[in-house]
Amino acid sequence: MASAPSKLYQDDVSLVVALLDTNPFFWAGASLPFSEFLHHVIPFINTLLLLNQLNRVVLIATGTSSCGYIFDSGDGNSSGNSNAVCSGIIKKLEDFVGKDSKITKGSNGDSTRPAISSLLSGSLSLALCYIQRIFRCGARHPQPRILCLQGSPDGPEQYVAVMNSIFSAQRLMIPIDSCIVGAQHSAFLQQASYITGGVYLKPQQLDGLFQFLAAVFATDLHSRNFLRLPKPAGVDFRASCFCHKKTIDMGYVCSVCLSIFCKYHKKCSTCGSEFNQAAPDSTIPDQKH
């Protein structure tokens, strides 16, 4: 956290990197159709740009097997009337979803076991890289933050990569805001918002999603000091084991690399360290240390 204070920020100017969940497996069964979801998100993007002419908004699509940049208000080609911007975003989203579906089918073979979770770790990495690029341009920077518009369930196999992105954002003092539009809470994003000082929200009524987005996530970081924003009732701090990618309450931790396992192992599969401690009593299989 030594490098962050040296940056000069413009208090009322925001750089919002929004991560948009485009997972077709989630949206196929969601209570809110994806087209209606976009009717809330795109006006919210316009609202951010209208609040301050220096505000910058970047939209990153999160698919099942890939992620990519969809919209950048700082790009000269993105300027114009709102209808043209809306049409451009929808067209790029359609192209992205089509390409991502082909990658997913190719990676899954016959697609008998489709991917359910989205590539959140990849989109978080893209967002952090983009913000770092902005940091290196000019002496003064807009206040950056990441907004995750997530519906898909967490992917336990992404636990390490997601946590690395969260700690990187914490070190750079970049809040990660989370708006959950799925049926269940996200333990990953609960931890992300808690650790980085962001806002976590799961709206109860998705019909008024735009109102939630505008009231909670549109204000700049300086103005948040004067607002009473929603706070989560609790945070799920459970980790995922490195062996089976399952969320666990208790487990075994490697004393060398801190890898987490749900069952006893004689040798760490991550760093190769061998454990001299005897195996636990097999008559108590549920006990973890």
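Only a predicted model underlies this, so the values are computations on that prediction, with no experimental measurement involved.

1. Brief notes about the nonpolar core
Membership of the largest hydrophobic core comes to 35 residues, with the highest contact counts inside it found for Leu-20, Phe-37, Leu-59, Ile-89, Leu-149 and Phe-217. Secondary-structure elements contributing two or more residues to this core are strand E1 (8-21), helix H1 (24-27), helix H2 (34-51), strand E2 (56-62), strand E3 (67-72), helix H3 (82-108), strand E4 (140-150) and helix H7 (209-217). Apart from the residues lying within four places of it in its own chain, the contact partners of Ile-89 are Ile-42, Leu-59, Ile-70 and Phe-71. Ile-60, Leu-124, Ile-131 and Val-162 belong to the second largest nonpolar core, which has 33 residues in total.

2. Observations regarding the pattern of salt bridges
Taken as a whole and judged by the stated rule, the model has four salt bridges. Close ionic contact of Arg-145 with Asp-177 constitutes a salt bridge, the shortest N to O distance being 3.7 Å. On the criterion of sequence distance, the pair formed by Arg-145 in strand E4 and Asp-177 in strand E5 (residues 176-180) is long-range, its members being 32 residues apart. Taken individually, Arg-145 and Asp-177 each receive the classification buried, so the pair is uniform in this respect. Across the pair Asp-177 and Arg-224 runs a salt bridge whose closest N-O atoms are separated by 2.5 Å. Placement of Asp-177 in strand E5 and of Arg-224 in the loop between H7 and strand E7 (239-240) is noted, with a sequence separation of 47 residues between them. You'll find Asp-177 and Arg-224 in the same group, each marked buried. Among the ionic contacts, a cluster of salt bridges with common partners joins Arg-145, Asp-177 and Arg-224.

The rules we used
- Residues numbered from 1 in each chain as written.
- Predicted model: local features only at pLDDT ≥ 70, side-chain atom pairs only at ≥ 80, totals over all residues.
- Heavy atoms only, no water.
- Core = buried A, V, L, I, M, F, W, Y, C linked by side-chain atoms within 4.5 Å.
- Buried < 20%, exposed > 50% of the residue type's maximum accessible area, 1.4 Å probe, protein only.
- Helix = DSSP H or I, 4+ residues; strand = E, 2+ residues; numbered from the N terminus.
- Contact = heavy atoms within 4.5 Å.
- Salt bridge = Lys/Arg side-chain N within 4 Å of Asp/Glu carboxyl O.

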